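Coordinate analysis (summary)
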Amino acid sequence: MMKKLKIIGIGLILSLLTYSLLSIAFSNKVVESIIFFPIDPTVEMKIAKTDLVLLNDKDKEKYIVNWEVQSQTSDSVYLRQDISLLFEDGRLKAILSDWKGNSSELTQYATYSGKDSSRFLALTFHHGEIHHSDETITSTHKMSKDHLYIIDSSFSTLQSFKEVKSEEQKEWKEILDKVTTKQLEYYWEKAIDFFDIPVHNYDFYSLEEIIDSQESGLLGIDKVRSKIIIGKLWESLYKEYFLGIKTTAGTTIPPIDSSLPLILIAKDYSHLFILIETREGESIKLSQNLAVD
């Protein structure tokens, strides 16, 4: 009997030891995620680039857009991750995501097939998570973007441009910008009315405008606080938009064909809202607390 109890005791000790070792192993495993941590002043995003290019070949009435995302931090960090969103005429059409542990560089490539004249916009968040020897965690991030106008009409040859170089391109840019802006304003105004948001309490930015303001800082906010707000914004976008949108019915649907997000930042900087219209036409409001711990 004593011998049997001794064997059971040894078995229990070995089981607990195995569990502890496995727990340590899994706790040290790098896991893909975008979480905002305090900004690290010693690590910078040296390279942050998004590029859209029209490939020359056309397959079965469809053209092909090449989409490339590159980034590099000044030092190797615990987690590097980039996520990129490709919009066509204000609607999300494709997503890119890649990550590496204990690395500084990331490069991603993809192609997208389209037809008809369109305005493409790619928005990217480049993220780095840094773990220190004293067990503190910091982060670094930067955004990049690119746009591409494509003319695919029976009245002209297939062409693309980023900056207007002809009267024809100017006319197409005005048409595509007007159509996209009108559609987005309709989606956003519909959501504002549906959620009865007091607009005078917020500053409004499209997600593209957030990227445009990263160097100068958001309206009335210094660059340091702007970077904190942008980091928390993308943490929310990653969890509640990029990985899937939770509808009012409680189901989670892919973000594809949803609208370009509108960002509402409270003028007291306490919180922000993200307004989206799903592909089914449902208005969604996401919330993010901006309080600094």
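Residues numbered from 1 in each chain as written. Predicted model: local features only at pLDDT ≥ 70, side-chain atom pairs only at ≥ 80, totals over all residues. Heavy atoms only, no water.

Focus on a negative patch on the surface
- Taken together, the side chains of Glu167, Glu168, Glu171 and Glu174 make up a negatively charged region of the molecular surface.
- Among the residues examined, Glu174 registers a relative accessible area of 48% and is labelled partly exposed. (Patch = residues over 30% accessible without salt bridge, like charges linked within 9 Å, V, L, I, M, F, W, Y side chains within 5 Å. Areas by Shrake-Rupley, 256 points an atom, 1.4 Å probe, with all protein chains shown as cover. Salt bridge = Lys/Arg side-chain N within 4 Å of Asp/Glu carboxyl O. Lys, Arg positive; Asp, Glu negative; His and termini not counted. Charge placed at Lys NZ, Arg CZ, Asp CG, Glu CD. Buried < 20%, exposed > 50% of the residue type's maximum accessible area, 1.4 Å probe, protein only.)

A few points about the environment of Gly114
- Summarising the element assignment, Gly114 is placed in strand S3 (residues 91–114).
- A relative accessible area of 5% means that Gly114 is categorised as buried.
- A sequence separation of 21 residues divides Gly114 from Lys93, and the C-alpha atoms of the two residues are 9.9 Å apart.
- Among residues more than four places away in sequence, those in contact with Gly114 are Glu61, Lys62 and Tyr63. (Helix = DSSP H or I, 4+ residues; strand = E, 2+ residues; numbered from the N terminus. Contact = heavy atoms within 4.5 Å.)

Focus: the confidence of the model for the protein chain
- Per-residue confidence for the protein chain averages 89 on the pLDDT scale, and 87% of its residues sit at or above 70.
- Across residues 1–28, confidence stays below pLDDT 50; counting only partners more than four residues off in sequence or on other chains, it has one contact. (pLDDT = per-residue confidence, 0-100.)

Points about the packing of aromatic side chains
- With the rule as written, the count across this model stands at eight aromatic pairs.
- Ring geometry for Phe125 against Trp234: centres 5.0 Å apart, planes inclined by 10°, an arrangement best described as stacked. Of this pair, Phe125 sits in strand S4 (residues 118–131) while Trp234 is found in helix H4 (residues 223–242), placing the two residues 109 residues apart along the sequence.
- Note on Phe125: relative accessible area 1%, which makes it buried. (Phe/Tyr/Trp six-rings, centres within 6.5 Å; stacked < 30°, edge-to-face > 60°.)

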